[in-house]
Amino acid sequence: MKMNKKYLITTWGCQMNEHDSEKIEGILNSLGYIATSDKEKADLIIYNTCLVRENAELKVYGNLGELKRLKRENPNLIIAICGCMMQKEEVRLVIKEKYSHVDLIFGTHNIHKLPELLEDHDQKKNMLVDVWEDNEEIVEGVPTKRKYDFKAFINIMYGCNNFCTYCIVPYTRGREKSREPEDILEEALKLSKEGYKEITLLGQNVNSYGKTLDSKLTFAQLLHMLNEIDDLERIRFMTSHPKDLSDDLINAIKTCEKVSNHLHLPFQSGSNRILKKMNRRYTKEQYLSLVEKIRKEIPDISLTTDIIVGFPEETEADFEDTLEVVRKARFDSAFTFLYSIREGTPAADMENQVPDEIKHQRFQKLLDTLHPISFERNKELIGKTVKVLAEDFSKNDSTKLSGRTDTNRLVHFKGGDDLIGKIVNVKILKAKTWTLEGEIDV
Ligand code: SAH
Ligand code: SF4
Ligand code: F3S
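Residues numbered from 1 in each chain as written. Chains lettered and ligands numbered in written order. Predicted model: local features only at pLDDT ≥ 70, side-chain atom pairs only at ≥ 80, totals over all residues. Heavy atoms only, no water.

Draft legend 1. Summary view of the UniProt feature "binding site: [4Fe-4S] cluster 2" (unreviewed entry) in the protein. As annotated in UniProt, the feature "binding site: [4Fe-4S] cluster 2" (unreviewed entry) corresponds to Cys160, Cys164 and Cys167 in the numbering used here. Topologically, Cys160 is positioned in the loop between strand S8 (157-158) and helix H5 (169-173). Cys160 gets classed as buried once you look at its relative accessible area, which sits at 8%. Look past the residues within four positions of Cys160 in its chain and what remains in contact with it is Pro170, Gly174, Arg175, Glu176 and Gln204. Among the structural elements, Cys167 can be located in the loop between S8 and H5. (UniProt positions renumbered as here; feature names shortened; annotations may be inferred. Helix = DSSP H or I, 4+ residues; strand = E, 2+ residues; numbered from the N terminus. Buried < 20%, exposed > 50% of the residue type's maximum accessible area, 1.4 Å probe, protein only. Contact = heavy atoms within 4.5 Å.)

Structure representation (structure tokens):
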């Protein structure tokens, strides 16, 4: 046991990475390490990295550079890096050449091997690199130190087989694999018994859940199963790929009372020509009719999305198609990205990359179109009473709590810490573009 050794872990990237970090913390705690937020006091610093866009990558290199001084002052400090960046050979070469103060490199597929890796490094003391291309097996039973005690992530699948041409994730996370429903159910039941109110099911494309299972259970069937767990109050999930969204899933969201009325449905681009080059396998028309169907079946659903601006060859006319989808679908909110070249993906080699200046102009126009719609949609809630899971004190006003509605909107309201982790009724009084304000309604 490493009694009282202190670790600090920093995480970049998506919820998949956040949850992986919870597993790394669980493993370290089981080895006797304790967490610290002070890097000067840490015996072990871990960076869990992301490769999805260039700026995520640059941040990691910047931070690694700064660790040189710490390592000089404390030669016993162990610096470990893991996560999606490490899956790429070129990145590992850069680390070996320019960041030789790093002690340990591991990947996304062998987190469970961390105890052995630390042990090995302890004995040899030189830079240890162990990255697996993929892992056939899903490893169960990894200890997990969860960030919250009322909401939790549950992996339902790993990897991605979609190979959207801009995206690095299939190369960093390997082939799609679904977790056995019994294992998911067991984890959800355990969490509910421990008092967790909300679970978020994680997968790069949850709609294709079950395809690699002998039972061929579908995602909709999985939701129906989880909806039966008495003590759970909310079930969220992400992400859904439009090409695989079934009527059964729409029906499951509609009929399962615990499943949130929220769908994150990335459309990326509104232009059929660009969608084809992205290998998204749906058209603008199919996406819009899907949205229409969903809104007809579940009128109060919240729809959010991801949009990429400036994919290679995108013209003004293509971009206008994207704006048209935004106006017609009326998203509650959206994550917007400037297209970022990822070496190793097909789009990186495409001709006619869009100049940065044009990307930025379109990006601004996109935000100008999205924001008033988000504001309008938030205003529609004024006067209504909604259920909010109180999560923490508000960052700007410590007399207020912040929490999320069933439809994933952020709400601020007056309240004390006794309410944190509870679902409360809040009457909405005021709307802004990204947040709502309300008061407890008893
Ligand atoms: N599996 C999820 C999300 C994966 S990454 C899905 O398919 O929806 C999250 C988002 O990052 C993507 O939806 C996409 O909008 C964006 N993204 C991925 N690669 C990108 C790139 N090279 N440049 C800019 N944005 C990118
Ligand atoms: Fe990337 Fe596409 Fe897979 Fe999402 S579905 S992770 S965007 S390849
Ligand atoms: Fe997530 Fe980034 Fe990896 S978005 S899957 S952490 S490349």
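Draft legend 2. Spatial organisation of the site of ligand 1. Residues in close proximity to ligand 1 total 14 residues, the closest being Arg53, Gln204, Gln268, Asp306 and Ser340. Between an oxygen atom of ligand 1 and a side-chain N or O atom of Gln268, the distance comes to 2.6 Å. Ser340 is positioned such that a nitrogen or oxygen atom in its backbone is 2.8 Å from a nitrogen atom of ligand 1. Protein chains bury 89% of the 530 Å² of accessible surface belonging to ligand 1 in isolation. (Near = heavy atom within 4 Å. Polar contact = N/O pair within 3.5 Å; in protein donor to acceptor, adjacent residues only side chain to side chain. Areas by Shrake-Rupley, 256 points an atom, 1.4 Å probe, with all protein chains shown as cover.)

Draft legend 3. Summary view of the sheet that holds strand S19 (residues 435-440). Taken together, the five strands give a closed barrel; going around it, the order is S15-S16-S17-S19-S18, and neighbouring strands pair in mixed fashion. Put simply, the sheet's adjacent strands are angled 50° from each other on average, direction ignored. Pairing geometry for strand S17 (residues 410-414) and S19, over four bridges, is parallel. Counterpart to His412 in the pairing with S19 is Glu437. (Pairing = 2+ DSSP bridges. Axes fitted to C-alpha atoms, helices over the stretch in contact; angles between N-to-C directions.)

Draft legend 4. Up close: the domain arrangement of the protein. The domain boundaries assigned to the protein delineate domain 1 (6-130), domain 2 (146-260) and domain 3 (385-440). For domain 1 and domain 2, the distance between their C-alpha centroids amounts to 28 Å. Facing the 14 residues of domain 1 at the interface are 17 residues of domain 2. Both faces considered, domain 1 and domain 2 share a buried interface measuring about 1,400 Å² in area, 57% of it formed by carbon and sulfur atoms. (Domains from an automatic or database assignment. Buried area = accessible area lost by both parts, 1.4 Å probe.)

Draft legend 5. Layout of the site of ligand 2. The environment of ligand 2 is formed by Cys160, Asn162, Phe163, Cys164, Tyr166, Cys167, Val169, Pro170, Gln204, His241 and Arg280. In terms of residue class, the shell around ligand 2 is made up of seven nonpolar, three polar and one charged. (Nonpolar A, V, L, I, M, F, W, Y, C, P; charged D, E, K, R; others polar.)

Draft legend 6. Seen up close, the packing of helix H2 (residues 54-73) against helix H3 (residues 89-98). Two elements in contact, H2 and H3, have axes whose closest approach is 12 Å; the angle formed by their N-to-C orientations is 20°. Overall, the two elements H2 and H3 adopt an arrangement that is roughly parallel. By crossing handedness, the relation of H2 to H3 is classed as right-handed. Listed contacts from H3 to Glu57, Tyr61, Leu64 and Lys68 of H2 are Val91, Val94, Ile95 and Lys98. (Parallel < 35°, antiparallel > 145°, perpendicular 65-115°, else oblique. Left-handed = near helix turned anticlockwise from the far one by under 90°.)

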